[in-house]
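Secondary and tertiary structure notes
Each chain is listed here by its residues.
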Amino acid sequence: RHALHRGAMATSAATTITLSLASGAVAHGLRWAPSVAAAASAGPRCILLHGWLDNAASFTFLAPRLAAAGVGPIVALDFPGHGLTSAATPAPGLPAPPQIGDYVSFVHEAAEALGWADFALVGHSLGAGVSAVFAGTFPDRVTSLTSLEALGPESRDADVAPRQLRESVRSVASLRAKAVRAKAAAGPKKAYATLDEAVAARVAKVGTLPGAQYLSDGAARAMVTRGTGPAEGGGVRFLHDAMTLAPSRQSLTEEQVLAFLREVQCPHLGVTAIDGWPFPAERMGRRIEVLHQCPGGFTHHHLPGSHHHHLDEDTAHVVAELVERFLVQQRQRTTMHSSL
């Protein structure tokens with residue numbers, strides 16, 4: 001068992017970053033610079049994308065390790081409706097639950113704001129799905145792809161589309177009505193007396209999710225610290241937008257997901273967890289088969305651990321070693337080709 005040093009989970013090595021996007025939205029995130037010792041051979045530039053209801057602090061173990069190996073600059077973003085990006089969204093917040101295309105557009109805008117023509121993508125869960133679709137949509141801009149706990153986005157069968165849209169519209173209407181009632185009652189949003197209580201709630205929630213998932217206290221604390229703010233009347237509340245809790249209005253079909261995966265041109269590393277999010281075996285097998293046919297190559301590791309294996313104390317070191325080795329290898333190959 002590996003124990004994370006107390007400082008390894010902290011964001012002290014990171015600086016905060018705020019991006020003004022072309023859409024008028026504001027994106028928040030964390031930035032790590034490559035270590036001074038490795039600056040002469042630094043690279044590649046990396047954008048890190050977190051999972052659903054998480055935030056940029058999901059990468060506060062992985063990113064410093066990558067920076068120490070000379071990878072970077074590194075930017076981890078808070079998605080729309082999540083973390084400090086959510087907190088910066090003017091009232092009443094998101095108009096509807098974001099869809100995969102909305103997240104892809106957000107990443108594109110963020111890259112434009114950073115002035116990065118190309119970059120490596122590292123995504124976890126939802127972020128891995130968004131990264132894969134982005135890489136399939138803009139293959140010329142992604143130098144490498146790292147997918148943690150998802151090989152592409154969630155898909156739905158075409159015949160469930162009417163029911164999914166119905167459930168999404170009703171859920172959004174219910175959330176809006178709830179917000180109106182809360183405003184009329186002038187009552188505070190759901191709050192926790194202390195940060196520790198919020199962390200415990202986050203850990204407990206994972207136990208209700210599919211499969212045998214778990215989340216360590218340290219991993220939860222890193223994300224909850226960034227993902228909460230002061231509540232009216234005292235205590236803390238989660239910052240994520242209520243709309244992120246509603247079902248998406250429309251999902252990609254599996255055929256559409258495979259179409260995006262076939263367009264991925266860059267080297268691709270996938271790392272999934274034995275006790276992670278349970279994906280249908282048949283669909284996972286087909287995606288792996290397709291990814292192995294991509295010109296950039298695909299390597300897959302299925303390891304012990306749970307859904308946040310890149311942040312949980314028992315597994316973070318193993319995942320970080322794989323990602324670091326992959327990104328450093330890509331940098332070395334790029335350097336070698338440029339010198340020919």
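To be clear, the structure that these remarks concern was listed above.
Residues numbered from 1 in each chain as written. Predicted model: local features only at pLDDT ≥ 70, side-chain atom pairs only at ≥ 80, totals over all residues. Heavy atoms only, no water.

Details of the pattern of salt bridges
Counted only if it meets this: For this analysis, a salt bridge means a side-chain nitrogen from Lys or Arg found within 4 Å of a carboxyl oxygen belonging to Asp or Glu. Put simply, DSSP H or I for four residues or longer makes a helix, DSSP E for two residues or longer makes a strand, and each gets a number counted from the N terminus. Note on classification: 1.4 Å probe, protein chains only; a residue is buried when its accessible area is under 20% of the maximum for its type, exposed when over 50%, partly exposed between these limits.
Scanning the entire structure with this criterion turns up 13 salt bridges. The salt bridge involving arginine 226 is made with aspartate 78; its shortest N-O contact spans 2.9 Å. With arginine 226 in helix H7 (residues 217-227) and aspartate 78 in the loop between strand S4 (74-77) and helix H2 (83-87), this pair connects stretches of sequence that are 148 residues apart. The buried category is assigned to aspartate 78, whose relative accessible area is 0%. A salt bridge links arginine 287 to glutamate 254, with the nearest nitrogen and oxygen atoms 2.8 Å apart. One end of the pair, arginine 287, is in helix H9 (residues 281-292); the other, glutamate 254, is in helix H8 (residues 254-262), and 33 residues separate them in sequence. Judged by relative accessible area, arginine 287 falls into the buried class, the value being 7%.

As for the side chain of serine 125
Quick note on the threshold: The contact rule is simple, with two residues in contact once any of their heavy atoms fall within 4.5 Å.
Mapped onto the elements of the fold, serine 125 is located in the loop between strand S5 (119-124) and helix H4 (126-137). Excluding residues within four positions of it along the chain, serine 125 makes contact with Gly51, Leu148, Glu149, Ala150 and His307.

Some points on helix H5 (residues 161-185)
How we decide: How far a helix is expected to stretch is found by multiplying one less than its residue total by 1.5 Å.
Over its 25 residues, H5 extends 36 Å from the first C-alpha to the last, a length consistent with the 36 Å expected when each residue adds 1.5 Å. Burial in H5 covers these residues: Gln164, Ser168, Ser171, Val172 and Leu175.

Things to note about the pairing of S5
In plain terms, the rule: Convention used here: a crossover is right-handed provided that the path from the first strand, over the helix, to the second strand proceeds clockwise when the strands point away from the viewer.
Counting buried positions over the six residues of S5 gives six, a clear majority of the element. On S5, burial covers both faces: Phe119, Leu121 and Gly123 on one face and Ala120, Val122 and His124 on the other are all buried. On the question of chirality, the crossover connecting S5 to the parallel strand S6 (residues 142-148) by way of H4 is right-handed.

Observations regarding the nonpolar core
Put simply, the test is: Residues grouped as a nonpolar core are buried Ala, Val, Leu, Ile, Met, Phe, Trp, Tyr and Cys residues, joined through side-chain atoms within 4.5 Å.
Ranked by internal contacts, the top residues of the largest apolar core, which has 42 residues, are Trp32, Leu48, Leu62, Ile74, Val323 and Leu327. With eight residues, helix H10 (residues 316-339) is the single largest residue contributor to this core. Contacts of leucine 62, omitting those with residues within four sequence positions, involve Val122, Leu148, Ala320 and Val323. Counting 38 residues, the second-largest nonpolar core is a separate cluster that includes Val107, Phe134, Leu258 and Ile288.

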